[in-house]
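Notes for the structure review
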Amino acid sequence: MKFDNVIAVRKNKKIYRDGDLCIKVFDEDYSKADVLNEALNQARIEETGLNIPKIREVMMIDGKWAIVLDYIEGKTLAQLMEENPDKKMEYLELLVDLQLEMHQKVCPMLNKLKDKMSRKIDQTTLDATTRYELHTRLNGMPKHTKVCHGDFNPSNVIITEEGKAYIIDWAHATQGNASADAARTYLLFSLSGDTDAAKKYLELFCKKSDTAAQYVQKWMPIVAASQSVKGNKEERDFLLSWVDVVDYE
């Protein structure tokens with residue numbers, strides 16, 4: 001394998017292209033369990049029939065774990081939105097349609113979304129009273145088993161020249177409530193500073209899925225709290241502000 005073509009650099013990992021393969025190489029100190037869990041998620045999602053890059057190999061390269069996948073030639077939806085601002089609504093519609101297609105799938109072996117969020121809430125810097133309120137709200141939410149991406153945003157959708165869409169990066173996949181997944185996407189748009197896209201995305205998701213906006217909003221403090229465990233201080237402060245403004249029932 002060749003490692004002279006770096007196509008992306010992310011926190012804790014570098015991504016290379018070698019012909020029709022994509023090689024994701026993690027830092028030496030990256031959790032082995034997290035690498036293997038990401039590969040397992042990807043393999044399980046393959047079985048649902050969704051359009052995703054297929055796993056080819058999990059290996060060690062110079063003491064670092066790596067996942068080898070199919071390379072998908074194309075542009076991300078984020079790139080297309082930037083290049084064609086006049087088509088932004090069209091791309092947002094496609095994003096929502098892909099997400100709803102994903103939510104139609106079930107994958108019983110995936111980790112449960114509610115379990116993951118419960119663990120994350122315990123890892124936050126929030127005080128015990130707020131954590132209790134968040135756990136109470138989470139426990140009261142309906143239990144679903146839909147495939148949830150956990151990081152669904154325009155940069156994780158690749159469109160080929162033929163117009164075929166592929167969803168990438170399944171590290172955070174779980175089975176659970178689709179509205180929690182939508183709340184995460186809304187917060188990702190907000191985190192990027194694109195509040196207009198966040199608003200339009202939520203309107204489209206609620207309309208196309210026949211979901212009350214209030215129901216998705218009810219998930220937002222839970223999702224924001226669970227996501228605040230990662231990221232830089234600015235992101236944490238932003239996410240925790242979503243927890244602070246909520247009036248608990």
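Fair warning: this is a prediction, and the values are worked out from it, not measured in the lab.

1. Notes on the overall build of the chain
- When you go through the chain residue by residue, the secondary structure sums to nine helices and ten strands.
- Rg of the C-alpha trace for the chain: 18 Å, near the compact-globule value of 18 Å for 249 residues, within the 12% margin.
- Referenced to the eigenvectors of the C-alpha coordinate spread, the extents of the chain come out at roughly 55 × 45 × 35 Å.
- Split into buried and exposed, the 249 residues of the chain put 46% on the buried side.
- Of the roughly 13,100 Å² of accessible surface on the chain, a fraction of 47% belongs to carbon and sulfur atoms.
- Each charge class in the chain was averaged separately, 35 positive and 40 negative side chains, and the resulting centres sit 3 Å apart.

2. Quick look at the nonpolar core
- The biggest cluster of nonpolar side chains holds 54 residues, and the ones touching the most others in it are Trp170, Tyr201 and Trp219.
- Once residues lying within four places of it in the same chain are set aside, the contact partners of tryptophan 219 are Leu113, Met117, Leu138, Met141, Asn177, Ser179, Ala180 and Ala183.
- Formed by eight residues, the second largest nonpolar core is a distinct cluster that contains Phe26, Val35, Ala39 and Leu69.

3. Description of helix α3 (residues 88-103)
- Here α3 is 16 residues long and its end C-alpha atoms lie 23 Å apart, about the 22 Å a rise of 1.5 Å per residue gives.
- For α3, the complete set of buried residues consists of Tyr91, Leu92, Leu95, Val96, Leu98, Gln99, Leu100, Met102 and His103.
- Buried residues belonging to α3 abut α2 (77-83), β7 (146-148), β8 (157-159), β9 (165-167), α6 (178-191) and α7 (195-209).

4. A look at the side chain of arginine 184
- Within the secondary structure, arginine 184 is located in helix α6.
- The class of arginine 184 is buried, set by a relative accessible area of 11%.
- Setting aside its immediate chain neighbours within four residues, arginine 184 contacts Gly150, Asp151, Val223 and Gln227.

5. Digging into the layout of surface pockets
- In this structure, the second largest pocket encloses a volume near 150 Å³.
- In terms of lining, the second largest pocket is formed by Phe3, Lys14, Tyr16, Val25, Phe26, Asp27, Ile61, Asp62 and Lys64.
- Put simply, the parts of the chain that give the lining of the second largest pocket at least two residues each are β2 (13-18) and β3 (21-26).
- Looking at the lining of the second largest pocket residue by residue, the class counts come to five nonpolar, no polar and four charged.

6. Side note on the sheet that holds β2
- In space, the five strands of this open sheet follow the order β1-β2-β3-β5-β4, with antiparallel pairing throughout. Bordering the open sheet on either side are β1 (6-10) and β4 (55-61), each of which pairs with just one other strand. Pairwise comparison of adjacent strand axes, ignoring direction, gives a mean angle of 20° for this sheet.
- Across the sheet, helix α1 (residues 32-46) lies against β3, β4 and β5 (64-70), angled at about 15° from β5, the strand it touches most.

7. Thoughts on helix α8 (residues 213-227)
- Relative to the 21 Å expected for 15 residues at 1.5 Å per residue, α8 spans 20 Å between its end C-alpha atoms, a close match to the ideal helical length.
- Methionine 220 marks where α8 bends most, by close to 30°; the proline proline 221 follows one to four residues later.
- Listed as buried for α8 are Val216, Trp219, Met220, Pro221, Ile222, Val223, Ala224, Ala225 and Ser226.

8. What about the environment of threonine 48?
- With respect to the helices, strands and loops of the structure, threonine 48 is situated in the loop between α1 and β4.
- Put simply, threonine 48 and lysine 105 are 57 residues apart on the chain and 6.5 Å apart in space, counted from C-alpha to C-alpha.
- Residues in contact with threonine 48, not counting those within four places in the same chain, are Lys105, Val106, Cys107 and Val147.
- Of the polar contacts made by the side chain of threonine 48, one reaches the backbone nitrogen of leucine 50; its length is 3.3 Å.

Conventions used here
Residues numbered from 1 in each chain as written. Predicted model: local features only at pLDDT ≥ 70, side-chain atom pairs only at ≥ 80, totals over all residues. Heavy atoms only, no water. Helix = DSSP H or I, 4+ residues; strand = E, 2+ residues; numbered from the N terminus. Rg over C-alpha atoms; globule rule 2.2 N^0.38 Å. Buried < 20%, exposed > 50% of the residue type's maximum accessible area, 1.4 Å probe, protein only. Areas by Shrake-Rupley, 256 points an atom, 1.4 Å probe, with all protein chains shown as cover. Lys, Arg positive; Asp, Glu negative; His and termini not counted. Charge placed at Lys NZ, Arg CZ, Asp CG, Glu CD. Core = buried A, V, L, I, M, F, W, Y, C linked by side-chain atoms within 4.5 Å. Contact = heavy atoms within 4.5 Å. Expected span 1.5 Å × (residues − 1). 1 Å grid on protein atoms, 1.4 Å probe; cavity = no way out; pocket = protein on both sides within 12 Å on 5 of 7 lines; lining within 4 Å. Points joined across faces, edges and corners; volume = space filled by probe spheres on them. Nonpolar A, V, L, I, M, F, W, Y, C, P; charged D, E, K, R; others polar. Pairing = 2+ DSSP bridges. Axes fitted to C-alpha atoms, helices over the stretch in contact; angles between N-to-C directions. Bend = angle between axes of the 7 residues up to and from the residue. Polar contact = N/O pair within 3.5 Å; in protein donor to acceptor, adjacent residues only side chain to side chain.

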